[in-house]
Amino acid sequence: MIVTVASFKGGQAKTTSAVHLAAYLQEDKPTLLVDGDPNRSATGWAKQNKLPFKVIDERQAARYAREYEHIVIDTQARPTQEDLQALADGCDMLIIPVTPDALSLDALFLIVETLEQLGSSRFRILLTIVPPKPSKDGEEARTTLEGAKLPVFGAGIRRFVAFQKAALKGVLVNEVSDPKAQDGWEDYKRVGEELLGGTSK
């Protein structure tokens, strides 16, 4: 399976999602994370060699891709229409992470409109950095997306400081000392299960 993670603006947990979904898929079959973001955030995360999968620069993809069953691609933010078409055509599932706020949702609708113009239907939206209750931002965003008949993951990713700790330490979220660390991993695990078609792990 080739999974691409893309967003129209920064701060949507794009790299965090790529890293943790790669970790989940690695538990299923050998997985490669291709860092196609000029910021090289995923490469920075992997520098301490503590991630359970290989991370490579996009320029090395041709060499390594055939050795892996799953490939996750972390892309640059704000792809052009031409980039978006190439990304959508080159994967089995395009994941678009989005935070539940008005500006992010506006940007999301732009990317969805572009994908629909390109005739691409292999995409799914992932709600990320969802604030804890009593905030209803996550529920309201989901209602908006479902009301627009857009494909949304049933699971969402809650806002936890543990994710920032994980990035700083170069590990997965469930490997940091934080009371919510395991909850963060469980969120991505549920998304991974949906991605693999409900296969339980």
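All values reported here derive from a predicted model rather than from experimental measurement.

**Student:** I'm lost on helix 4 (residues 81-89) in this one. Help?
**Tutor:** The periodicity of an α-helix, 3.6 residues per turn, causes residues three or four places apart in sequence to face the same way. Listed in full, the buried residues belonging to helix 4 are Leu84, Leu87 and Ala88. Projected down its long axis, helix 4 shows its buried positions confined to an angular sector of 95°, all on one face. Those residues of helix 4 that are exposed and aimed more than 90 degrees away from the buried face are Glu82, Ala86 and Asp89. Check the buried side of helix 4 and you find it contacts strand 1 (2-5), strand 4 (70-75), strand 5 (93-98) and helix 5 (102-117).

**Student:** Would you mind showing me how to read the sheet that holds strand 4 here?
**Tutor:** Backbone hydrogen bonds are what pair the strands of a sheet, in a parallel or an antiparallel way. The parallel open sheet is built from 6 strands, whose spatial order is 3-2-4-1-5-6. Where the open sheet ends on each side, the last strands, each with one partner, are strand 3 (54-57) and strand 6 (123-127). Across the sheet, the mean angle from the axis of one strand to that of its neighbour is 25°, orientation sign disregarded. Here strand 2 (residues 31-36) pairs with strand 4 via 6 bridges, running parallel. By the bridge assignment for strand 4, leucine 33 is matched with valine 72. Lying over the sheet, helix 1 (residues 14-26) contacts strand 1, strand 2, strand 4, strand 5 and strand 6, oriented at roughly 175° with respect to strand 4.

**Student:** When you look at the packing of aromatic side chains in this model, what are you seeing that I'm missing?
**Tutor:** Where two aromatic rings form a pair, the distance of their centres and the angle of their planes describe that pair. Counted according to the given criterion, the structure contains 2 aromatic pairs. Site record: aromatic cluster; members linked through ring pairs are Phe160, Phe163 and Tyr188. The aromatic ring of phenylalanine 153 is capped on one face by arginine 124, whose charged end is 4.7 Å from the ring centroid.

Basis of the calculations
Throughout, residues of each chain are indexed from 1 in the direction in which the sequence is written. Thresholds applied to this predicted model are a pLDDT of at least 70 for local features of residues and 80 or more for the giving and counting of side-chain atom pairs; totals over whole chains, interfaces and linings are not thresholded and use all residues. Excluding hydrogens and water, the side-chain figures rest on all heavy atoms present in the structure. Burial classes follow relative accessibility: with a 1.4 Å probe on protein chains only, a residue under 20% of its type's maximum area counts as buried, one over 50% as exposed, and anything between as partly exposed. For helices the rule is a DSSP run of H or I covering at least 4 residues; for strands it is a run of E covering at least 2, with both sets numbered from the N terminus onward. In this context, the arc is that of the directions from the helix axis out to the C-beta atoms. In this description, contact between two residues means that some pair of their heavy atoms is separated by no more than 4.5 Å. Strands are labelled as partners when DSSP assigns at least two bridges between them. Whenever a helix is involved, its axis is fitted only over the stretch in contact; in every case the axis is a line through C-alpha atoms, and angles between N-to-C directions fall within 0 to 180 degrees. Pairing of aromatic rings covers Phe, Tyr and the six-membered ring of Trp, with a centre-to-centre limit of 6.5 Å; geometry is then stacked below 30 degrees between planes, edge-to-face above 60, and tilted otherwise. Only lysine NZ and arginine CZ atoms are considered, and such an atom sits over a ring when it is within 6 Å of the ring centre and within 35 degrees of the ring normal.

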